[in-house]
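Structural overview
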Amino acid sequence: MLGRRGDGYHDLETAVLPISLADRIEVHAVSNPTQFRTLSLSLEITGEPDMVRRVPADESNLALRAARVLAERAGIRGFAEIHMQKEIPVAAGLGGGSADAAATLSALNDLWGASLEPGELSSIAAELGSDVPAMLRGPSLIRGRGEDVIDLRAMPFHWVLVTFDFGVSTKEAYGWWDEDGGGTGPDPGPVLEALQAGPAELGPVMFNDLEGPVARRHPRIAEAKRVLLGAGAAGAVMAGSGSCVVGLLPTAEPLSAQVEDELERLSGRPVGYVTSPGIPPE
Ligand code: C5P
């Protein structure tokens, strides 16, 4: 994190990797200004009750807002019915809500025949949330408040996700960083190089400036990190603004059942395993 800005946001430099954990977004949509005089949007959310309870189903849902903003920008009259099957934990720092909004934008751009250029879609995405533009892309380095996206090359990696029975609000996490004096870690250059090298190189250089402030308020985050590193993870770091902690595995081999149990007792949730895809160097 580089610092707080005049507009209340923070300038950052962050590597973002897609992972194999996904929500499923299904969209039925028609745009036809001669047939429809209004725009009608609906959203149905399914998934584990504990997960669905924490996702707004009204107009404040980021995917519905994405549909609304795209329709206004492209002058759409017609409808969109969005069905969202939630699998990504909420308020975990995994960008689930942002990814849902990005997927909805890109699906409706096609289905409504809105034909907005990638640059225009990206600017709508940035209006919706700082990390939404990155969710339209592959592995990325994001800058500014998050809206400035540069493609990254990366090896494929194996990760273990420790998700907790509590979430962290993004706004609060940034506020805690301010409150604690705003420490900035080393230059991210070595992280970008290590992304193309392998887990042994990436593990030791991963860092997240929001982790200290969030872990001071939620000590189980630091504890999960200690357990992961003690169990042989190549590295472990809090994801985004938390609360999820990701462990980088040296191979595709899962953790021992004993360590999995220990992490589940600590976090209140079973651990999950995901991969991030490789984009080979040119
Ligand atoms: O952009 P988004 O709506 O996701 O941001 C949520 C909140 O997180 C913002 O209101 C702001 O408090 C904080 N934030 C920030 N700096 C960023 C991104 C988000 O301070 N780069």
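1. A word on the packing of aromatic side chains
Tallied over the entire structure, the rule returns 3 aromatic pairs. Here the aromatic rings of Phe 36 and Phe 79 are separated by 5.8 Å at their centres, their planes lie at 70 degrees, and the arrangement is edge-to-face. Pair noted here: Phe 36 is in the loop between strand 4 (24–31) and strand 5 (39–46) and Phe 79 is in strand 6 (residues 78–85), with a separation of 43 residues, a long-range link. Phe 79 sits in the partly exposed class, given a relative accessible area of 23%. Ring plane angle 40 degrees and centroid distance 5.1 Å describe the contact between Phe 164 and Phe 166, whose orientation is recorded as tilted. Both residues of the pair, Phe 164 and Phe 166, belong to the buried class. If you follow Arg 145 out to its NZ or CZ, it ends over the ring of Tyr 9, 5.0 Å from the centre.

2. Description of the confidence of the model for the chain
Of all residues in the chain, 99% have pLDDT values of 70 or greater, and the mean over the chain is 97. Across the chain, the element-wise mean pLDDT spans from 92 in helix 1 (residues 49–52) up to 99 in strand 11 (residues 245–249).

3. Thoughts on the nonpolar core
Counting residues in hydrophobic clusters, the biggest one holds 32 residues, and the most contacted among them are Val 162, Ile 221, Leu 228 and Leu 263. Those residues in contact with Leu 228 that lie beyond four places of it in its chain are Val 160, Val 162, Ala 233, Ala 236, Val 245, Val 246, Gly 247, Leu 255 and Leu 263. Grouped together as the second largest cluster of nonpolar side chains are 30 residues, Ala 63, Leu 105, Leu 108 and Leu 116 included.

4. Observations concerning the site of the ligand
The ligand sits among Gly 8, Tyr 9, His 10, Leu 12, Gly 129, Ser 130, Arg 145, Thr 170, Lys 171 and Tyr 174. One of the side-chain N or O atoms of Ser 130 is found 2.6 Å from an oxygen atom in the ligand. A distance of 2.9 Å is found between a nitrogen atom of the ligand and a backbone nitrogen or oxygen belonging to Arg 145. Burial of the ligand by the surrounding chains reaches 77%, relative to a free accessible area of 450 Å². Split into classes, the residues belonging to the shell around the ligand amount to 3 nonpolar, 5 polar and 2 charged.

5. Remarks on unusual backbone geometry
Cis geometry marks the peptide bond from Gly 242 to Ser 243; its omega dihedral reads 15 degrees. Its location among the elements puts Ser 243 in the loop between strand 10 (235–238) and strand 11. Not every positive phi belongs to a glycine, and Ala 91 is a case in point at roughly 55 degrees. Position of Ala 91 relative to the elements: it lies in the loop between strand 6 and helix 3 (96–111). Phi at Ser 115 is positive, roughly 50 degrees, even though this residue is not glycine. Relative to the elements of secondary structure, Ser 115 occurs in the loop between helix 3 and helix 4 (118–128). Residue classification places Ser 115 among the exposed residues on the basis of a relative accessible area of 54%.

The rules behind the values
- Residues numbered from 1 in each chain as written.
- Predicted model: local features only at pLDDT ≥ 70, side-chain atom pairs only at ≥ 80, totals over all residues.
- Heavy atoms only, no water.
- Phe/Tyr/Trp six-rings, centres within 6.5 Å; stacked < 30°, edge-to-face > 60°.
- Helix = DSSP H or I, 4+ residues; strand = E, 2+ residues; numbered from the N terminus.
- Buried < 20%, exposed > 50% of the residue type's maximum accessible area, 1.4 Å probe, protein only.
- Lys NZ or Arg CZ within 6 Å of the ring centre and 35° of its normal.
- pLDDT = per-residue confidence, 0-100.
- Core = buried A, V, L, I, M, F, W, Y, C linked by side-chain atoms within 4.5 Å.
- Contact = heavy atoms within 4.5 Å.
- Near = heavy atom within 4 Å.
- Polar contact = N/O pair within 3.5 Å; in protein donor to acceptor, adjacent residues only side chain to side chain.
- Areas by Shrake-Rupley, 256 points an atom, 1.4 Å probe, with all protein chains shown as cover.
- Nonpolar A, V, L, I, M, F, W, Y, C, P; charged D, E, K, R; others polar.

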